[in-house]
Amino acid sequence: MQILSGKELSRIIQTQVKEDVAEWVAGGGKQPHLAVILVGNDGGSETYVGHKVRMCERLGIKSSLIRHSDGISESALLSEIEKLNNDEEIDGFIVQLPLPKHIEVNKVIAAIDYRKDVDGFHPINIGRMTQNTPCFLPATPYGIMQILEHYKIDTQGKECVVLGRSNIVGRPVSILMSNNGYPGNATVTVCHSRTKNLKEHTRKADILIVALGIPEFVTADMVKEGVVIIDVGTTRVADDTRKRGYRLSGDVKYSEVAPKCSAITPVPGGVGPMTVISLIKNTVRAVKGEVYEK
Ligand code: GUN
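This is a predicted model, so every value here is computed, not measured.

Caption draft 1: Up close: unusual backbone geometry. The omega torsion across L97 and P98 is 5 degrees, close enough to zero to call that bond cis. One can find P98 in the loop between strand 4 (92-95) and helix 4 (105-111). The residue after Y182, namely P183, is reached through a cis peptide bond having omega -10 degrees. Among the structural elements, P183 can be located in the loop between helix 7 (170-178) and strand 6 (187-191). Look at N185: it is not a glycine, yet its phi comes out positive at around 60 degrees. Here N185 shows up in the loop between helix 7 and strand 6. Owing to a relative accessible area of 27%, N185 belongs among the partly exposed residues under this scheme. We note that N197 has phi near 50 degrees; this positive angle belongs to a residue other than glycine. By secondary structure assignment, the location of N197 is in the loop between strand 6 and helix 8 (198-202).

Right under this line is the structure:
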């Protein structure tokens, strides 16, 4: 059984990105600058945003964290976005999700200038991804594709089952996995909370991508021998034996499922680190005008 270490791959990419940024700046290019809007103080979001900001620092990228209380109105948030759209110093920015219930997330995403949408959530980027034309890819699906590529996982003609239909992971990764290319070219089934006979689907999977946010949902009886599993789940589960009082749990019951796999991503150290570095890669592509001309 092979461990698909996103942590290790992320380190390799970090070295490349750091060199790339240094060379770009030495050649007179503008130092990349990522802005992150964080609304409220959701524990998970705080952690993710912290990782994003620290990664920027390590790689020679400027970052600005813009915090708002969860009482911010939708219109005030939209004005903040408009400011960043017009700020030439900012090459790319994201609005960390989830947002409070009184804010319509799709309205917020649509307000972001798609040329600065380094999260790849804007309808133009999603549309272009679907057409397989240049765009910013959503960070987590982009990270997953890099893992498959780096570890040379065969995807062509394989049965790929995706659990979860979120706009952030499930649906975009299902599109990328069915693209005519590599990684891709798989036969993809998207399963969700209304899927009947779920186990019948998951047991057919050569590649199983799980993005539900339900700790240890996938058990050994649900998968076949030799499956490749990408576990996107990172849920905080109370754990008194840990200093911080919780541990991160994946969506897969690792201890019993891993022995059946030909390859699997661990949690932590699998998909998570790849999400962060993929966002950074998008930011560097933004400053260079590699996706959309400046
Ligand atoms: N919340 C969970 N994942 C993500 C992500 O990739 N981007 C943003 N903006 N919010 C998230």
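That was the structure; now back to the text.
Caption draft 2: Main features of the nonpolar core. Core analysis: the largest hydrophobic core is formed by 52 residues, its most contacted members being I144, M177, I209 and I230. Within the second largest apolar cluster, 18 residues are counted, among which are I37, I66, I90 and V108.

Calculation notes
Residues numbered from 1 in each chain as written. Predicted model: local features only at pLDDT ≥ 70, side-chain atom pairs only at ≥ 80, totals over all residues. Heavy atoms only, no water. Helix = DSSP H or I, 4+ residues; strand = E, 2+ residues; numbered from the N terminus. Buried < 20%, exposed > 50% of the residue type's maximum accessible area, 1.4 Å probe, protein only. Core = buried A, V, L, I, M, F, W, Y, C linked by side-chain atoms within 4.5 Å.

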